[in-house]
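# Structural overview for review
Each chain is listed here by its residues.
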2 protein chains.
Amino acid sequence: MSAPGAACGPIASTFHIGIYVFNDVEVLDFAGPYEVFTTAARMHARDVPGSELFCVYSVSEVGQVPILAERERTASVRARAGLRVLPDADFTNHPTLDVLIVPGGVVDAELAKPPVIDWIRRTAAQAKITASVCTGAFLLAKAGLLAGKRATTHWEDVSALRAMFPAISVEQNTRWVDEGNIVTSAGISAGIDMSLHLVERLAGRELALRTARQMEFDWTENQHQASF
Amino acid sequence: MSAPGAACGPIASTFHIGIYVFNDVEVLDFAGPYEVFTTAARMHARDVPGSELFCVYSVSEVGQVPILAERERTASVRARAGLRVLPDADFTNHPTLDVLIVPGGVVDAELAKPPVIDWIRRTAAQAKITASVCTGAFLLAKAGLLAGKRATTHWEDVSALRAMFPAISVEQNTRWVDEGNIVTSAGISAGIDMSLHLVERLAGRELALRTARQMEFDWTENQHQASF
């Protein structure tokens, strides 16, 4: 099969999805959305052979391989707990993104990097949708994207987000909060629910349901969860 | 924080978890169990500082970096849809595994590799538990590990598993099937449910529930699901 990731071609009908990866990114925070969008693309391609509905790129800050390059001459990203990922692109060479996904994890180092915050701000200004998973909300907040908006994050970090960014209306007990061009999700696995919601927004409910079924994932469609 | 992955030390109380990664492995099939075991280890370390309850390794067939090596001089694994992962170890240098996880994805090429099937068979013979996710069940079956046993796989592949391996009692509509030292799960996200079950078996129910809560994951504890 084709590789919708780094090997995607410039098809006009393709949505370009960029997932930011960084040292200490939470594995499921980026892998969940990655699975959702690439599975959705695969389901879509069953009906429309040759289509690449979603082209998903992992994007890191610096020093990564050029897109389409076969050679791996890169500093990898070491996700939380040690998993190492070779990003598809860096800040200088990724395509224009329709959707920017900012996962969480241990984000302290990222919050202290002006080039990262600036890239998120600039990329979000061009993207149709910018979405965070878990503590990725802190990075969106730092970039000024959440001021005056409703947002959510991991249940353990709700009070910290409120304390650091009082201009945000932080919500709890919800899988995601959709503010149009800005969407935030709760912790870790909630990024899967949110990504399915984004598939629904971009390509319709039928494909989102089919993707959830393919992933055997019990999609929490309503935004409220009981127990966290 | 410490890196329970490749940087784990030889602590006696540590369970060594190996996750097989290969070209066209389904991303969530390996990332889900990775997240579960490393999050469980992190939760445990909050109570027992310095502990490494689960040490998780990605293991590929050949050509990977030695464990603990800092330098990356490796052929990476290209997961399904293009995500590239740098494994922690290969067949020749991983530690003795307590748990072997075999994810699915496009497994045709793996089924045709005698060294892979042989490694799974040999490793399973030493491990306490060998578990598959999704179409990883075909690899366990090929290694002879499922003959005469109950097992499950992705709903789309149930009939193919029955046809190829008639000695297996293939079950549907279940998140996982536990046959003691052999455990198989349904498709993709069901690997998360199964891994939480393995955490419960190895370290108790409380840690499994705490891990699910940390991941904000709605653990399907009973083995039967309604709709797939």
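Computed from a prediction, not measured in an experiment: that's the story for all the values here. (Residues numbered from 1 in each chain as written. Chains lettered and ligands numbered in written order. Predicted model: local features only at pLDDT ≥ 70, side-chain atom pairs only at ≥ 80, totals over all residues. Heavy atoms only, no water.)

### Quick notes on the overall build of chain A
Looking only at helices and strands, chain A has 7 helices and 11 strands in total. Expressed as a percentage of its 228 residues, the buried residues of chain A come to 62%. The long-range fraction of contacts in chain A, counting pairs at least 24 apart against all pairs at least 6 apart in sequence, stands at 69%. For chain A, the exposed surface amounts to about 8,000 Å²; the carbon and sulfur share of it is 52%. (Helix = DSSP H or I, 4+ residues; strand = E, 2+ residues; numbered from the N terminus. Buried < 20%, exposed > 50% of the residue type's maximum accessible area, 1.4 Å probe, protein only. Contact = heavy atoms within 4.5 Å. Areas by Shrake-Rupley, 256 points an atom, 1.4 Å probe, with all protein chains shown as cover.)

### Describing the interface of chain A and chain B
Facing 50 residues of chain A, the contacting portion of chain B comprises 50 residues. In total, about 4,500 Å² of surface goes out of reach between chain A and chain B, with carbon and sulfur atoms giving 48% of it. Looking only at chain A, the three residues that lose the most surface to chain B are Ala81(A), Arg84(A) and Glu216(A), adding up to 19% of its buried area. For the pair chain A and chain B, the number of links is 4 salt bridges. The partner of Glu156(A) in a salt bridge is Arg46(B), with the nearest N and O atoms 2.7 Å apart. Within the residue set of the side of chain A that touches chain B, elements represented by two or more residues are helix H1 (27-47), strand E4 (84-86) and helix H7 (205-214) of chain A. Looking at the side of chain A that touches chain B, the element that brings in the most residues is H1(A), giving 11 residues. Looking at the side of chain A that touches chain B residue by residue, the class counts come to 23 nonpolar, 14 polar and 13 charged. Bridging between E4(A) and strand E4 (residues 84-86) of chain B involves 3 bridges; their strand directions are antiparallel. From the neighbouring strand, Val85(A) faces E4(B), where its bridge partner is Val85(B). (Buried area = accessible area lost by both parts, 1.4 Å probe. Salt bridge = Lys/Arg side-chain N within 4 Å of Asp/Glu carboxyl O. Nonpolar A, V, L, I, M, F, W, Y, C, P; charged D, E, K, R; others polar. Pairing = 2+ DSSP bridges.)

### Examining helix H7 (residues 205-214) of chain B
Working note: α-helix, 3.6 residues per turn, so residues spaced by three or four point in the same direction. Residues and elements named next belong to chain B. Those residues of H7 lying buried are Leu207, Ala208, Thr211, Ala212 and Gln214. Relative to the axis of H7, the buried residues are bounded by an arc of 160 degrees and lie together on one face. Considering only its buried residues, H7 is in contact with helix H1 (27-47), strand E2 (54-60) and helix H6 (190-203). (Arc of directions from axis to C-beta.)

### Some thoughts on the pairing of strand E7 (residues 129-132) of chain B
Residue and element names in this part refer to chain B. The side-chain alternation of E7 yields two buried faces, one formed by Ile129 and Ala131 and the other by Thr130 and Ser132. Bridge count between strand E6 (residues 99-102) and E7: 4 bridges; the pairing is parallel. Across the sheet, residue Leu100 finds its bridge partner in E7, namely Thr130. Here E7 pairs with strand E11 (residues 182-185) via 3 bridges, running parallel. Paired with Thr130 across the strands is Ile182, a residue of E11.

### Focus: the packing of H1(B) against H7(B)
All names here are of chain B. Contact geometry of H1 with H7 gives a least axis separation of 9 Å together with a crossing angle of 110 degrees. What the angle tells us is that H1 and H7 run roughly perpendicular. The two elements H1 and H7 cross, and the hand of that crossing is right-handed. Of the residues in H7, those touching H1 at Val36, Thr39, Ala40, Met43, His44, Arg46 and Asp47 are Leu207, Arg210, Thr211 and Gln214. Tallied by class, the residues present in the contact of H1 with H7 amount to 4 nonpolar, 4 polar and 3 charged. (Axes fitted to C-alpha atoms, helices over the stretch in contact; angles between N-to-C directions. Parallel < 35°, antiparallel > 145°, perpendicular 65-115°, else oblique. Left-handed = near helix turned anticlockwise from the far one by under 90°.)

### Considering the relation of the copies chain A and chain B
Each of the two chain copies goes to the other by way of a rotation about an axis and a shift along it. With an RMSD of 0.0 Å, the fit of chain A onto chain B corresponds to turning through 180 degrees and sliding 0.0 Å along the axis. Taken together, these values place the two copies in the relation of a two-fold axis. The rotation axis passes nearest to the C-alpha of Val85(A) in chain A, at a distance of 2.3 Å. By residue overlap, the copies meet face to face through one surface: 100% of the interface positions of chain A are interface positions in chain B. (Least-squares fit on C-alpha atoms with pLDDT ≥ 70 in both.)

### Focus: the nonpolar core
Membership of the largest hydrophobic core comes to 150 residues, with the highest contact counts inside it found for Phe30(A), Phe54(A), Ile120(A), Phe30(B), Phe54(B) and Ile120(B). Excluding residues that lie within four positions of it along the chain, Ile120(B) makes contacts with Leu100(B), Val102(B), Leu139(B), Leu140(B), Ala143(B) and Leu145(B). (Core = buried A, V, L, I, M, F, W, Y, C linked by side-chain atoms within 4.5 Å.)

### Digging into the packing of aromatic side chains
Pairs of aromatic rings are described using the distance from one ring centre to the other and the angle between the two planes. Under the criterion given, the structure shown has 12 aromatic pairs over all chains. Ring plane angle 45 degrees and centroid distance 5.5 Å describe the contact between Tyr20(A) and Trp119(A), whose orientation is recorded as tilted. Placement of the pair is Tyr20(A) in strand E1 (residues 15-20) and Trp119(A) in helix H3 (residues 114-126), with a sequence separation of 99 residues. Like Tyr20(A), the residue Trp119(A) is buried in the burial classification. A connected cluster of aromatic rings, assembled from ring pairs, spans Tyr20(A), Phe22(A), Phe91(A) and Trp119(A). Between the NZ or CZ atom of Arg213(A) and the centre of the ring of Trp155(B), over which it lies, the distance is 3.7 Å. (Phe/Tyr/Trp six-rings, centres within 6.5 Å; stacked < 30°, edge-to-face > 60°. Lys NZ or Arg CZ within 6 Å of the ring centre and 35° of its normal.)

### Focus: the sheet that holds strand E10 (residues 176-178) of chain A
All names here are of chain A. The 7 strands are arranged E5-E2-E1-E6-E7-E11-E10 in an open sheet whose pairing can be described as mixed. At either margin of the open sheet sits one strand with a lone partner, and together these are strand E5 (89-90) and E10. Contacts from H1 reach E1, strand E2 (54-60) and strand E6 (99-102), with the element oriented near 155 degrees to E2. Where helix H6 (residues 190-203) meets the sheet, its contacts fall on E1, E2, E6, strand E7 (129-132), E10 and strand E11 (182-185), and the angle it forms with E11 comes to roughly 150 degrees.

### Brief notes about the pattern of salt bridges
Considering all chains together, one arrives at 28 salt bridges over all chains under this definition. Linking Asp47(B) and Arg210(B) is a salt bridge whose minimum nitrogen-to-oxygen distance equals 2.7 Å. Of this pair, Asp47(B) sits in helix H1 while Arg210(B) sits in helix H7; the two residues are 163 residues apart in sequence, bridging distant segments of the chain. Classification of Arg210(B) as partly exposed rests on a relative accessible area of 28%. Here Arg121(B) and Asp118(B) are joined by a salt bridge, their closest N and O atoms 3.4 Å apart. Of this pair, Arg121(B) and Asp118(B) both sit in helix H3 (residues 114-126), separated by 3 residues, roughly a single helical turn. Linked by salt bridges that have partners in common, Glu26(A), Arg80(A) and Arg42(B) make up one network.

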